[in-house]
Amino acid sequence: MIGLISATSAGAAARDRLAAAWPDRTRVYEGPVGDAVRAAFAECEQLVCFLATGAVVRLVAPLLGDKAADPGVVCVDEGGRFAVSLLGGHAGGANELAGAVGELLGAEPVVTTATDAVGVAGLDTLGLPVEGAVAAVSRALLDGEPVALEAELAWPLPPLPVAERGAYTVRLTDRAVEPGPREVLLRPPSLVVGVGASRGAPVDEVLELIGSALAEAGLSVRSVARLATVDAKSEEPGLVGAAERLGVPLITYTAEELAGVAVPNPSDAPLAAVGTPSVAEAAALLGGGELLLPKRKSAGSPAMATCAVVRRPARGRLAVVGLGPGARDLVTPRAVAELRRASVLVGLDQYVDQIRDLLRPGTRVLESGLGAEEERARTAVAQARAGHAVALIGSGDAGVYAMASPALAEASDDIDVVGVPGVTAALAAGALLGAPLGHDHVSISLSDLHTPWEVIERRVRAAAESDLVVTFYNPRSRGRDWQLPKALAALAEHRAPSTPVGVVRNASRPDESSRVTTLAALDPASVDMMTVVTVGNTATREIAGRMVTPRGYRWQASAEEGAR
């Protein structure tokens with residue numbers, strides 16, 4: 001919950017805007033400001049104070065306890081110009097909150113934590129439990145000192161500016177080791193503990209078994225991702241309580257699913273009780289992975305719990321990111337977030353150049369030239385399968401004549417895939433032309449590099465007969481200059497010579513140009529590969545120099561009748 005505190009009418013107005021925008025996330029604290037701050041500090045995970053920073057510093061100073069437990073605090077000035085991350089920038093989420101508040105109120109976020117200021121991912125912001133000399137290693141990263149990354153298993157980390165060797169170390173491990181004086185341990189959620197239990201098994205007995213099993217295997221409890229069991233035990237108090245105390249979910253499977261898993265230690269007892277010869281081992285193994293510790297029984301007499309430990313395979317992450325038509329302000333915030341999250345970037349060299357300044361230090365860039373789409377797709381998927389966080393970039397929307405199709409054709413279910421939409425060339429061109437896409441429309445690429453011309457021509461004729469607005473991508477190049485005239489001729493069989501046609505080159509870029517002409521007047525020689533051509537349907541009109549396709553023919557008929 002986010003506590004909202006204000007002292008003046010101006011502050012209350014901004015406060016109420018946040019409360020209205022986030023009704024389920026916020027709570028307004030009324031009354032004397034000091035009492036409100038103290039109550040919110042004790043009850044909320046985050047605070048937004050519409051007060052001077054000096055006042056908030058004095059109010060929260062006596063309340064400060066532990067960096068990891070204190071709430072994040074953001075200050076917004078009376079004029080609503082700045083949203084200042086004052087306290088708990090990383091652990092309390094104040095840096096992210098300042099950005100969200102700034103976006104909502106039109107204020108500039110002010111973030112002063114050192115790693116954020118220079119674009120380096122904070123070690124305590126990677127989403128993994130962290131141990132050791134966080135401040136010292138972070139300082140070394142900021143100072144450019146060599147910091148080594150020792151990854152004992154693959155895991156999709158954000159980029160870090162690390163070296164092969166260094167006096168400081170970041171170690172990614174699930175083993176139960178203590179960090180050195182110049183070392184940070186990152187704990188990936190790599191372990192699955194399969195658990196079985198008799199009815200009424202005490203939670204303490206289950207926890208003691210899990211702890212002793214992990215210790216025997218030399219593994220860290222902070223890397224446990226989940227407990228897993230048979231669905232018949234989904235409400236067993238000892239298992240539910242153990243998962244709650246460990247802070248992990250309890251995942252359940254049917255007896256039939258578990259019975260299909262080959263295990264080293266099947267038993268007749270669980271087969272008779274719940275219908276599967278194995279619970280602990282089978283539940284741990286069902287998602288795949290390496291069995292690190294076979295089934296163990298608890299120390300009770302009689303033993304009321306069993307467990308087994310599996311290291312699950314790392315799932316790499318592939319984000320397929322659309323960069324929009326070229327303008328920086330048409331790159332979406334979600335795309336920027338994915339670019340900064342990726343440790344490996346794959347893309348066409350000219351697209352990489354567009355966003356290189358957005359990448360975090362340490363990002364590995366794999367770029368190539370025109371005509372290597374399939375190779376880039378294979379490279380991106382291979383990097384994700386190796387356990388990396390990968391961003392594969394394309395212009396416009398990555399799913400429209402871009403990289404999503406070849407990448408997803410290569411990818412299987414062993415990696416996580418995220419699609420990030422972007423503004424397409426057709427949309428960017430349409431915005432410049434007016435409203436040409438106001439009714440049903442289709443996009444057709446005239447490049448026959450991957451599609452036979454016979455197929456392209458059949459689609460153009462179908463669009464012409466269906467009276468669809470048509471946007472032509474890749475309309476003409478030096479070595480391919482006859483397709484556009486043929487496509488326009490096919491449309492002309494069903495549309496008047498006066499049909500409006502929009503021609504947009506380099507939409508949203510500094511040298512963009514746009515014009516509206518007609519089907520009869522368009523000179524194909526004026527078009528190149530950087531151009532999008534939009535041909536209206538029989539209802540499209542040019543109004544005040546803009547292309548307008550009405551939303552419905554009935555509306556168009558009514559408008560024409562009224563004009564008579």
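Right, let's walk through the structure included here. What you see is a predicted model; the values in this text were computed from it and never measured.

### Remarks on the overall build of the protein chain
A count of helical and extended segments in the protein chain gives 19 helices and 28 strands. Its C-alpha atoms give the protein chain principal-axis dimensions of about 90 × 65 × 55 Å. The buried share among the 564 residues of the protein chain stands at 46%. Taking the intrachain contacts of the protein chain between residues at least 6 apart in sequence as the baseline, contacts between residues at least 24 apart amount to 64%. On the protein chain, roughly 26,200 Å² of surface is accessible, and the fraction owed to carbon and sulfur atoms is 52%. Positive and negative side-chain charges of the protein chain, numbering 52 and 66 respectively, have mean locations separated by a distance of 2 Å.

### A closer look at the pattern of salt bridges
Following the criterion strictly, the structure yields 26 salt bridges and no others. Linking Asp16 and Arg15 is a salt bridge whose minimum nitrogen-to-oxygen distance equals 3.0 Å. Using a relative accessible area of 39% as the deciding quantity, one classes Asp16 as partly exposed. Classification of Arg15 as buried rests on a relative accessible area of 7%. The partner of Asp416 in a salt bridge is Arg315, and the shortest N-O contact between them spans 2.9 Å. Highlighted residues: Asp416 in strand 20 (residues 416-420) and Arg315 in the loop between strand 15 (305-311) and strand 16 (317-322), separated in sequence by 101 residues.

### Describing the nonpolar core
Core analysis: the biggest nonpolar cluster contains 22 residues, and Val193, Val195, Val206, Ile210, Leu214, Leu227 and Val309 have the highest contact counts within it. Of all the secondary structure elements, the ones that give two or more residues to this core are strand 11 (191-197), helix 7 (203-217), strand 12 (224-230), helix 8 (237-246) and strand 15. With six residues, the single largest contributor to this core is helix 7. For Ile210, the residues in contact, after removing those within four places along its chain, are Val193, Val195, Leu227, Leu246 and Cys307.

### A word on the sheet that holds strand 7 (residues 130-132)
Reading across the sheet, the four strands line up as 7-10-9-8 and stay open at both edges, with mixed pairing between neighbours. Both edges of this open sheet fall to strand 7 and strand 8 (147-151), since each of them pairs with a single strand only. Across the sheet, the mean angle separating the axes of adjacent strands is 20° when strand polarity is ignored. Relative to strand 10 (residues 183-186), strand 9 (residues 168-172) runs parallel, the two sharing four bridges. Bridge assignment links Arg171 to a residue of strand 10, and that residue is Leu185. Docked against the sheet, helix 6 (residues 134-143) engages strand 7, strand 8, strand 9 and strand 10, running at close to 115° with respect to strand 9.

### Points about the environment of Glu78
With respect to the secondary-structure elements, Glu78 resides in the loop between strand 4 (72-76) and strand 5 (82-87). Counting along the chain gives 64 residues from Glu78 to Ala14, while the straight-line C-alpha distance between them is 8.8 Å. When residues no more than four places from it in sequence are discounted, the contact partners of Glu78 are Thr8, Ala10, Gly11 and Phe50. At a separation of 2.6 Å, a polar atom in the side chain of Glu78 contacts the side chain of Thr8.

### With respect to unusual backbone geometry
With phi around 55°, Tyr401 is a residue other than glycine that occupies positive phi space. Structurally, Tyr401 can be placed in the loop between strand 19 (389-394) and helix 15 (404-410). In this model, Asp467 sits at a positive phi of 60°, which is unusual for a non-glycine residue. Among the secondary structure elements, Asp467 is positioned in the loop between helix 17 (453-465) and strand 23 (469-473).

Conventions we followed
Residues numbered from 1 in each chain as written. Predicted model: local features only at pLDDT ≥ 70, side-chain atom pairs only at ≥ 80, totals over all residues. Heavy atoms only, no water. Helix = DSSP H or I, 4+ residues; strand = E, 2+ residues; numbered from the N terminus. Buried < 20%, exposed > 50% of the residue type's maximum accessible area, 1.4 Å probe, protein only. Contact = heavy atoms within 4.5 Å. Areas by Shrake-Rupley, 256 points an atom, 1.4 Å probe, with all protein chains shown as cover. Lys, Arg positive; Asp, Glu negative; His and termini not counted. Charge placed at Lys NZ, Arg CZ, Asp CG, Glu CD. Salt bridge = Lys/Arg side-chain N within 4 Å of Asp/Glu carboxyl O. Core = buried A, V, L, I, M, F, W, Y, C linked by side-chain atoms within 4.5 Å. Pairing = 2+ DSSP bridges. Axes fitted to C-alpha atoms, helices over the stretch in contact; angles between N-to-C directions. Polar contact = N/O pair within 3.5 Å; in protein donor to acceptor, adjacent residues only side chain to side chain.

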